[in-house]
Amino acid sequence: MEDVIECQKENTPFGISFVAGAVAGLAVDVSLFPFDTIKTRLQSSQGFLKSGGCRGIYSGLASVTVASAPAAGLFFCTYELTKAALTGKLINNLEPVAHMTAASLGEVVACVVRVPCEVVKQRTQVTRCQSSLSILKKTLQTEGPRGLYRGYFSTVLREVPFSLIQFPLWEFFKKRWSVYQMLNVTPWQSAICGSAAGSMAAVVTTPLDVAKTRIMLANTGTSLARGSIFLSLKVIWHEKGIKGLFAGVVPRTLWIAIGGAIFLGAYDKTKDVLTRQR
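The rules behind the values
- By convention here, each chain's residues receive numbers from 1 onward along its written sequence.
- Only residues with pLDDT of at least 70 get local features here, since the model is predicted, and only at 80 or more are side-chain atom pairs given and counted; chain-wide, interface and lining totals rely on the full set of residues.
- As a rule here, side-chain values cover all heavy atoms of the structure and leave hydrogens and water aside.
- What counts as a ring pair is set by centres within 6.5 Å for rings of Phe, Tyr and Trp (its six-membered ring), and what kind of pair is set by the plane angle: stacked under 30 degrees, edge-to-face over 60, tilted for all other angles.
- For helices the rule is a DSSP run of H or I covering at least 4 residues; for strands it is a run of E covering at least 2, with both sets numbered from the N terminus onward.
- Buried residues are those whose accessible area, probed at 1.4 Å on protein chains only, stays under 20% of the maximum for their type, while exposed residues exceed 50% and partly exposed ones sit between those limits.
- Confidence scores labelled pLDDT are given residue by residue by the predictor and lie between 0 and 100.
- What makes two residues a contact is simply this: any of their non-hydrogen atoms within 4.5 Å.
- A helix is expected to span 1.5 Å multiplied by its residue count minus one.
- What we call the bend at a residue is the angle made by axes fitted to the seven residues finishing there and the seven residues starting there.

Turning next to the packing of aromatic side chains. Per the counting criterion, the structure on display carries 13 aromatic pairs. Relative to Phe-167, the ring of Tyr-79 lies with its centre 4.9 Å away and its plane at 50 degrees, an arrangement referred to as tilted. Pair noted here: Tyr-79 is in helix α4 (residues 61–87) and Phe-167 is in helix α7 (residues 152–181), with a separation of 88 residues, a long-range link. There is no split in this pair, since Tyr-79 and Phe-167 are both buried. Between Tyr-152 and Phe-153 the ring centres are 5.3 Å apart and the planes differ by 85 degrees, which places this aromatic pair in the edge-to-face class. Judged by relative accessible area, which is 15%, Tyr-152 ranks as buried.

Here you go:
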(Lines give C-alpha, C1' and ligand atoms only; values in the text may rest on other atoms or scores of the structure.)
Protein backbone atom coordinates (compact mmCIF):
# COMPACT_ATOMS: atom_id res chain seq x y z
CA MET A 1 0.00 0.00 0.00
CA GLU A 2 2.82 2.39 0.79
CA ASP A 3 4.25 1.69 -2.68
CA VAL A 4 1.02 2.95 -4.19
CA ILE A 5 1.09 6.16 -2.18
CA GLU A 6 4.78 6.74 -2.91
CA CYS A 7 4.21 6.22 -6.62
CA GLN A 8 1.47 8.80 -6.62
CA LYS A 9 3.77 11.35 -4.97
CA GLU A 10 6.53 11.14 -7.61
CA ASN A 11 7.39 14.52 -9.07
CA THR A 12 6.42 15.13 -12.69
CA PRO A 13 9.11 16.85 -14.83
CA PHE A 14 8.28 20.34 -16.11
CA GLY A 15 8.32 19.37 -19.78
CA ILE A 16 6.03 16.38 -19.31
CA SER A 17 3.57 18.45 -17.26
CA PHE A 18 3.45 21.13 -19.95
CA VAL A 19 2.99 18.78 -22.91
CA ALA A 20 0.44 16.59 -21.10
CA GLY A 21 -1.48 19.69 -19.99
CA ALA A 22 -1.39 21.15 -23.50
CA VAL A 23 -2.78 17.94 -25.01
CA ALA A 24 -5.50 17.73 -22.35
CA GLY A 25 -6.52 21.37 -22.74
CA LEU A 26 -6.77 21.20 -26.51
CA ALA A 27 -8.68 17.90 -26.41
CA VAL A 28 -11.36 19.11 -24.03
CA ASP A 29 -11.86 22.64 -25.36
CA VAL A 30 -12.17 21.64 -29.02
CA SER A 31 -14.33 18.55 -28.47
CA LEU A 32 -16.81 20.26 -26.14
CA PHE A 33 -16.87 23.73 -27.68
CA PRO A 34 -20.57 23.58 -28.74
CA PHE A 35 -21.62 23.06 -25.08
CA ASP A 36 -19.62 26.14 -24.12
CA THR A 37 -21.29 28.23 -26.84
CA ILE A 38 -24.77 27.20 -25.70
CA LYS A 39 -23.88 27.94 -22.07
CA THR A 40 -22.52 31.39 -22.98
CA ARG A 41 -25.66 32.29 -24.95
CA LEU A 42 -27.91 31.17 -22.11
CA GLN A 43 -25.98 33.47 -19.76
CA SER A 44 -25.99 36.46 -22.12
CA SER A 45 -28.16 39.46 -21.16
CA GLN A 46 -29.60 39.34 -24.73
CA GLY A 47 -31.05 35.91 -24.11
CA PHE A 48 -30.38 32.60 -25.86
CA LEU A 49 -32.24 33.17 -29.14
CA LYS A 50 -31.07 36.75 -29.73
CA SER A 51 -27.50 35.66 -29.07
CA GLY A 52 -27.72 33.15 -31.90
CA GLY A 53 -29.56 30.14 -30.49
CA CYS A 54 -28.11 26.93 -31.86
CA ARG A 55 -26.70 28.55 -34.98
CA GLY A 56 -22.97 28.92 -35.46
CA ILE A 57 -22.11 26.94 -32.33
CA TYR A 58 -18.46 26.80 -33.39
CA SER A 59 -18.13 30.60 -33.47
CA GLY A 60 -14.98 31.58 -31.56
CA LEU A 61 -13.29 28.21 -31.93
CA ALA A 62 -10.15 29.78 -33.43
CA SER A 63 -9.39 31.81 -30.30
CA VAL A 64 -9.86 28.75 -28.10
CA THR A 65 -7.52 26.67 -30.25
CA VAL A 66 -4.80 29.29 -29.84
CA ALA A 67 -5.11 29.52 -26.05
CA SER A 68 -6.00 26.01 -24.89
CA ALA A 69 -2.61 24.34 -25.16
CA PRO A 70 -0.39 27.00 -23.53
CA ALA A 71 -2.94 27.87 -20.82
CA ALA A 72 -3.46 24.24 -19.75
CA GLY A 73 0.25 23.56 -20.04
CA LEU A 74 1.11 26.47 -17.76
CA PHE A 75 -1.60 25.42 -15.32
CA PHE A 76 -0.28 21.89 -14.88
CA CYS A 77 3.36 23.00 -14.71
CA THR A 78 2.46 25.35 -11.86
CA TYR A 79 0.17 22.79 -10.25
CA GLU A 80 2.69 19.94 -10.26
CA LEU A 81 5.63 22.10 -9.13
CA THR A 82 3.68 23.69 -6.28
CA LYS A 83 2.14 20.38 -5.22
CA ALA A 84 5.57 18.71 -5.16
CA ALA A 85 7.06 21.57 -3.14
CA LEU A 86 4.29 21.55 -0.54
CA THR A 87 3.32 17.87 -0.25
CA GLY A 88 6.64 16.79 1.24
CA LYS A 89 6.36 19.44 3.94
CA LEU A 90 2.82 18.58 5.04
CA ILE A 91 1.45 15.58 6.89
CA ASN A 92 -0.99 13.38 4.95
CA ASN A 93 -4.04 14.95 6.59
CA LEU A 94 -3.06 18.35 5.18
CA GLU A 95 -2.41 17.19 1.61
CA PRO A 96 -5.66 18.84 0.38
CA VAL A 97 -4.15 22.18 1.42
CA ALA A 98 -1.25 21.54 -0.96
CA HIS A 99 -3.69 20.62 -3.75
CA MET A 100 -5.80 23.75 -3.12
CA THR A 101 -2.77 26.03 -3.10
CA ALA A 102 -1.27 24.43 -6.20
CA ALA A 103 -4.56 24.65 -8.12
CA SER A 104 -5.09 28.30 -7.12
CA LEU A 105 -1.62 29.36 -8.25
CA GLY A 106 -2.06 27.35 -11.44
CA GLU A 107 -5.25 29.23 -12.30
CA VAL A 108 -3.70 32.66 -11.66
CA VAL A 109 -0.85 31.84 -14.07
CA ALA A 110 -3.04 30.16 -16.72
CA CYS A 111 -5.52 33.06 -16.79
CA VAL A 112 -2.81 35.37 -18.13
CA VAL A 113 -3.08 33.41 -21.39
CA ARG A 114 -6.68 32.25 -21.08
CA VAL A 115 -8.54 35.53 -20.43
CA PRO A 116 -7.72 37.43 -23.67
CA CYS A 117 -8.84 34.45 -25.73
CA GLU A 118 -11.89 33.98 -23.50
CA VAL A 119 -12.93 37.59 -24.15
CA VAL A 120 -12.62 37.15 -27.91
CA LYS A 121 -14.31 33.74 -27.82
CA GLN A 122 -17.36 34.83 -25.84
CA ARG A 123 -17.91 37.97 -27.90
CA THR A 124 -17.69 35.91 -31.06
CA GLN A 125 -20.18 33.39 -29.66
CA VAL A 126 -22.89 36.04 -29.15
CA THR A 127 -22.11 38.27 -32.16
CA ARG A 128 -23.48 37.14 -35.48
CA CYS A 129 -21.43 37.13 -38.68
CA GLN A 130 -18.12 38.19 -37.11
CA SER A 131 -14.94 36.16 -36.93
CA SER A 132 -12.58 35.83 -33.98
CA LEU A 133 -10.03 37.99 -35.83
CA SER A 134 -12.51 40.80 -36.46
CA ILE A 135 -13.61 40.73 -32.82
CA LEU A 136 -9.95 40.88 -31.74
CA LYS A 137 -9.29 43.90 -33.98
CA LYS A 138 -12.44 45.67 -32.79
CA THR A 139 -11.56 45.08 -29.14
CA LEU A 140 -8.05 46.48 -29.62
CA GLN A 141 -9.35 49.49 -31.54
CA THR A 142 -12.05 50.43 -29.04
CA GLU A 143 -10.53 49.35 -25.72
CA GLY A 144 -6.85 48.75 -26.36
CA PRO A 145 -4.89 45.79 -24.92
CA ARG A 146 -6.58 46.37 -21.57
CA GLY A 147 -9.87 45.33 -23.14
CA LEU A 148 -8.52 41.84 -23.71
CA TYR A 149 -8.08 41.49 -19.95
CA ARG A 150 -11.55 42.70 -19.05
CA GLY A 151 -12.87 40.18 -16.58
CA TYR A 152 -9.43 38.88 -15.57
CA PHE A 153 -10.12 39.16 -11.85
CA SER A 154 -13.68 37.86 -12.22
CA THR A 155 -12.29 34.90 -14.17
CA VAL A 156 -9.71 34.22 -11.46
CA LEU A 157 -12.45 34.55 -8.83
CA ARG A 158 -14.43 31.94 -10.76
CA GLU A 159 -11.57 29.58 -11.56
CA VAL A 160 -9.91 29.56 -8.13
CA PRO A 161 -13.03 28.44 -6.18
CA PHE A 162 -13.73 25.90 -8.93
CA SER A 163 -10.22 24.46 -8.67
CA LEU A 164 -10.30 24.62 -4.87
CA ILE A 165 -13.18 22.14 -5.08
CA GLN A 166 -12.25 20.09 -8.14
CA PHE A 167 -8.59 19.25 -7.65
CA PRO A 168 -8.62 18.20 -3.97
CA LEU A 169 -11.66 16.04 -4.77
CA TRP A 170 -9.93 14.58 -7.84
CA GLU A 171 -6.80 13.74 -5.84
CA PHE A 172 -8.92 12.36 -2.97
CA PHE A 173 -11.03 10.14 -5.26
CA LYS A 174 -7.90 8.81 -6.97
CA LYS A 175 -6.21 8.09 -3.66
CA ARG A 176 -9.24 6.27 -2.20
CA TRP A 177 -9.67 4.23 -5.40
CA SER A 178 -5.97 3.31 -5.32
CA VAL A 179 -6.24 2.21 -1.70
CA TYR A 180 -9.37 0.18 -2.47
CA GLN A 181 -7.83 -1.75 -5.37
CA MET A 182 -4.26 -1.66 -3.99
CA LEU A 183 -3.00 -0.34 -7.32
CA ASN A 184 -2.50 3.13 -8.78
CA VAL A 185 -5.52 4.33 -10.72
CA THR A 186 -5.40 3.98 -14.50
CA PRO A 187 -6.04 6.99 -16.78
CA TRP A 188 -9.66 5.93 -17.39
CA GLN A 189 -10.23 5.67 -13.64
CA SER A 190 -8.64 9.09 -13.22
CA ALA A 191 -11.09 10.33 -15.87
CA ILE A 192 -14.08 9.08 -13.85
CA CYS A 193 -12.69 10.77 -10.74
CA GLY A 194 -12.21 13.97 -12.72
CA SER A 195 -15.76 13.86 -14.03
CA ALA A 196 -17.25 13.45 -10.55
CA ALA A 197 -15.08 16.20 -9.06
CA GLY A 198 -15.71 18.58 -11.95
CA SER A 199 -19.50 18.22 -11.92
CA MET A 200 -19.64 18.98 -8.20
CA ALA A 201 -17.47 22.06 -8.63
CA ALA A 202 -19.47 23.20 -11.67
CA VAL A 203 -22.80 23.44 -9.86
CA VAL A 204 -21.38 25.36 -6.91
CA THR A 205 -19.50 27.93 -9.01
CA THR A 206 -22.13 28.60 -11.71
CA PRO A 207 -23.13 32.05 -10.30
CA LEU A 208 -19.50 33.17 -10.58
CA ASP A 209 -19.40 31.91 -14.17
CA VAL A 210 -22.58 33.83 -15.05
CA ALA A 211 -21.14 37.00 -13.48
CA LYS A 212 -17.89 36.60 -15.41
CA THR A 213 -19.77 36.13 -18.69
CA ARG A 214 -21.83 39.29 -18.12
CA ILE A 215 -18.69 41.34 -17.44
CA MET A 216 -16.94 40.14 -20.59
CA LEU A 217 -20.00 40.83 -22.75
CA ALA A 218 -20.87 44.22 -21.22
CA ASN A 219 -20.80 47.31 -23.45
CA THR A 220 -17.72 49.49 -23.09
CA GLY A 221 -18.19 52.29 -20.56
CA THR A 222 -20.97 50.61 -18.58
CA SER A 223 -20.72 49.85 -14.87
CA LEU A 224 -20.48 46.12 -15.55
CA ALA A 225 -17.56 46.66 -17.91
CA ARG A 226 -15.48 47.88 -14.96
CA GLY A 227 -15.13 44.28 -13.87
CA SER A 228 -16.74 44.13 -10.44
CA ILE A 229 -17.96 40.57 -9.94
CA PHE A 230 -19.98 41.59 -6.90
CA LEU A 231 -21.81 44.26 -8.89
CA SER A 232 -22.43 41.75 -11.65
CA LEU A 233 -23.92 39.26 -9.18
CA LYS A 234 -26.13 42.00 -7.74
CA VAL A 235 -27.39 43.05 -11.19
CA ILE A 236 -28.16 39.46 -12.18
CA TRP A 237 -29.98 38.87 -8.88
CA HIS A 238 -32.17 41.97 -9.38
CA GLU A 239 -32.90 41.08 -13.01
CA LYS A 240 -33.67 37.37 -12.78
CA GLY A 241 -33.14 36.22 -9.19
CA ILE A 242 -31.78 32.76 -8.39
CA LYS A 243 -32.75 31.52 -11.86
CA GLY A 244 -30.46 34.12 -13.42
CA LEU A 245 -27.54 33.24 -11.16
CA PHE A 246 -27.77 29.60 -12.24
CA ALA A 247 -28.44 30.29 -15.92
CA GLY A 248 -26.83 27.60 -18.03
CA VAL A 249 -26.14 25.34 -15.03
CA VAL A 250 -27.28 22.19 -16.87
CA PRO A 251 -25.09 22.56 -19.99
CA ARG A 252 -22.24 23.87 -17.82
CA THR A 253 -22.41 20.88 -15.47
CA LEU A 254 -22.80 18.43 -18.36
CA TRP A 255 -19.95 20.10 -20.23
CA ILE A 256 -17.63 20.04 -17.21
CA ALA A 257 -18.59 16.49 -16.18
CA ILE A 258 -17.62 15.25 -19.64
CA GLY A 259 -14.80 17.77 -19.86
CA GLY A 260 -13.39 16.77 -16.49
CA ALA A 261 -13.16 13.20 -17.69
CA ILE A 262 -11.48 14.17 -20.96
CA PHE A 263 -9.22 16.83 -19.43
CA LEU A 264 -7.90 14.96 -16.42
CA GLY A 265 -8.02 11.55 -18.08
CA ALA A 266 -6.09 12.83 -21.11
CA TYR A 267 -3.60 14.55 -18.81
CA ASP A 268 -2.85 11.39 -16.83
CA LYS A 269 -2.76 9.24 -19.98
CA THR A 270 -0.38 11.59 -21.82
CA LYS A 271 1.77 11.95 -18.72
CA ASP A 272 1.88 8.16 -18.35
CA VAL A 273 2.90 7.65 -22.00
CA LEU A 274 5.59 10.34 -21.86
CA THR A 275 6.95 9.06 -18.57
CA ARG A 276 7.28 5.52 -19.94
CA GLN A 277 9.20 6.83 -22.97
CA ARG A 278 11.85 8.61 -20.88
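What follows picks up the thread again.
Mean pLDDT over the protein chain: 85, with 94% of residues reaching 70 or higher. Counting interchain partners and residues more than four positions distant, the pLDDT-below-50 stretch residues 1–8 has 13 contacts.

Next up on the list: helix α8 (residues 187–217). With 31 residues, α8 should cover 45 Å at 1.5 Å per step; its first-to-last C-alpha distance of 37 Å lies more than 12% under that length. If you look at α8, its biggest bend is around 60 degrees, right at Thr-205, and the proline Pro-207 turns up within four residues after that. The buried count for α8 comes to 22 of 31 residues, which makes it a mostly enclosed element.

With respect to the helices, strands and loops of the structure, Thr-82 is situated in helix α4. Judged by its relative accessible area of 14%, Thr-82 is buried. In this structure, Thr-82 is in contact with Thr-101, Ala-102 and Leu-105, ignoring residues within four places of it in sequence.

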